[in-house]
Amino acid sequence: MSISPPPAGPPATVAPYHPPPPYPPPGLGHAAPTDGRAITSLVASIFGILLGLPFGLPGLALGPLAYFMGRSAVARIDEAPGTVGGRSVAVMGWVLGIVATAIGAVVSLVWLVLLLVGISTPTTTF
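We now turn to the structure provided with this report. (Residues numbered from 1 in each chain as written. Predicted model: local features only at pLDDT ≥ 70, side-chain atom pairs only at ≥ 80, totals over all residues. Heavy atoms only, no water.)

## Let's talk about the side chain of Ser41
The cut-off we apply is this: Strands are runs of DSSP state E lasting at least two residues, helices are runs of H or I lasting at least four, and both sets are numbered from the N terminus onward. Residue exposure (1.4 Å probe, protein chains only): buried if accessible area is under 20% of the type maximum, exposed if over 50%, otherwise partly exposed. The contact definition used throughout considers only heavy atoms, calling two residues in contact when any of these lie within 4.5 Å.
Topologically, Ser41 is positioned in helix 1 (residues 36-52). Note on Ser41: relative accessible area 0%, which makes it buried. Ser41 has contacts with Ala66, Met69, Gly70, Ala90, Gly93 and Trp94, leaving out every residue within four places of it along the chain.

## What about the packing of aromatic side chains?
Quick reminder of the rule: Here a Phe, Tyr or Trp ring, Trp counted by its six-membered ring, pairs with any other such ring whose centre lies within 6.5 Å, and the pair is stacked when the planes are under 30 degrees apart, edge-to-face when over 60, and tilted otherwise.
Evaluated as defined, the whole model comprises two aromatic pairs. Feature note: the residues Tyr67, Phe68 and Trp94 constitute an aromatic cluster, connected by ring pairs.

## Concerning the nonpolar core
For clarity, the threshold we go by: The term nonpolar core refers to a set of buried residues drawn from Ala, Val, Leu, Ile, Met, Phe, Trp, Tyr and Cys, joined through side-chain atoms within 4.5 Å.
In this structure, Ala38, Ala73, Val74, Ile77 and Ala90 together form the largest nonpolar core, which totals five residues. Broken down by element, this core gets its largest block of residues, three residues, from helix 2 (residues 57-79). Residue contacts for Ala90: discarding those within four places in its chain leaves Ala38, Ser41, Gly70, Ala73, Val74 and Ile77.

## Regarding a nonpolar patch on the surface
Formally: For patch building, the residue pool is restricted to those with more than 30% relative accessible area and no salt bridge; the joining distance is 9 Å between like charges and 5 Å between nonpolar side chains (Val, Leu, Ile, Met, Phe, Trp, Tyr). A 1.4 Å probe and the Shrake-Rupley method give the accessible areas. Residues count as covered only by the protein chains that appear here. We define a salt bridge as a side-chain nitrogen of Lys or Arg found within 4 Å of a carboxyl oxygen belonging to Asp or Glu.
Together, Ile39, Val43, Ile46, Phe47, Leu50, Leu51 and Phe55 make up an exposed nonpolar region whose accessible area comes to about 650 Å². Here Leu51 shows up in helix 1.

## Here we look at the packing of helix 1 against helix 2
Here is the rule: Every axis corresponds to a line fitted to the C-alpha atoms, with the helix fit spanning only the stretch in contact, and the corresponding angles, defined between N-to-C directions, vary from 0 to 180 degrees. An angle counts as roughly parallel when it lies under 35 degrees, as roughly antiparallel when it exceeds 145, as roughly perpendicular when it falls between 65 and 115, and as oblique in every other case. For any helix crossing, the convention is left-handed if the near helix is rotated counterclockwise from the far helix by under a right angle, and right-handed if that rotation is clockwise. Gly is put with the polar residues, along with every residue not named as nonpolar or charged; the nonpolar set is Ala, Val, Leu, Ile, Met, Phe, Trp, Tyr, Cys and Pro, and the charged set is Asp, Glu, Lys and Arg.
Contact geometry of helix 1 with helix 2 gives a least axis separation of 8 Å together with a crossing angle of 160°. The angle between helix 1 and helix 2 places the two elements in the roughly antiparallel class. Seen along the crossing, helix 1 lies across helix 2 with a hand that is left-handed. Residues Arg37, Ala38, Thr40, Ser41, Ala44, Ser45, Phe47, Gly48, Leu51 and Gly52 of helix 1 pack against Pro58, Gly59, Leu62, Leu65, Ala66, Met69, Gly70, Ser72, Ala73 and Arg76 of helix 2. For the contact of helix 1 with helix 2, the per-class residue count stands at 10 nonpolar, eight polar and two charged.

## Thoughts on helix 2
Put simply, the rule reads: The length a helix should cover is 1.5 Å for every residue beyond the first.
The first and last C-alpha atoms of helix 2 sit 34 Å apart over 23 residues, in line with the 33 Å expected at 1.5 Å per residue. For helix 2, the complete set of buried residues consists of Gly59, Gly63, Ala66, Gly70, Ala73, Val74 and Ile77. Where helix 2 is buried, its residues touch helix 1 and helix 3 (87-120).

## Some remarks on the environment of Thr123
With respect to the helices and strands, the residue Thr123 is situated in the segment after helix 3. Judged by its relative accessible area of 73%, Thr123 is exposed. On a C-alpha basis, the gap between Thr123 and Ala102 in space is 34 Å, while along the polypeptide they are 21 residues apart.

## With respect to the pattern of salt bridges
The tally for this structure, following the rule as stated, stands at two salt bridges. Residue Asp35 pairs with Arg76 through a salt bridge whose shortest N-O separation is 3.4 Å. In this pair, Asp35 sits in the segment before helix 1 while Arg76 sits in helix 2, placing the two residues 41 residues apart along the sequence. On the basis of relative accessible area, Asp35 is assigned to the buried category, the value being 4%. For Arg76, a relative accessible area of 38% corresponds to the partly exposed category.

This is how it looks when you write it as structure tokens:
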């Protein structure tokens, strides 16, 4: 009885060694601060829409304010690339300012028509 040795397989392989890089990984850059006019434009346009839907006149007042503040912020951001951010916020405020103005105009016109119809109808007394 002879005992045979176990079958020889391929030699065990060791994973290759990769030393860490000699420098630290690059850090994330700091984002430029958002322009204050862009934030003001967005807030004014949102309030213009929210208050313009039931009343009309706040949309007519805050919509153009948001529009011009947004345009001003976009121009200011484009003049100084990299130092001031928030261009998308400014454009959003600018566009929503147009929407707030349109909503304010339509709702104000509806309120004016309702007021004129209410004034012009004769009152009946019994």
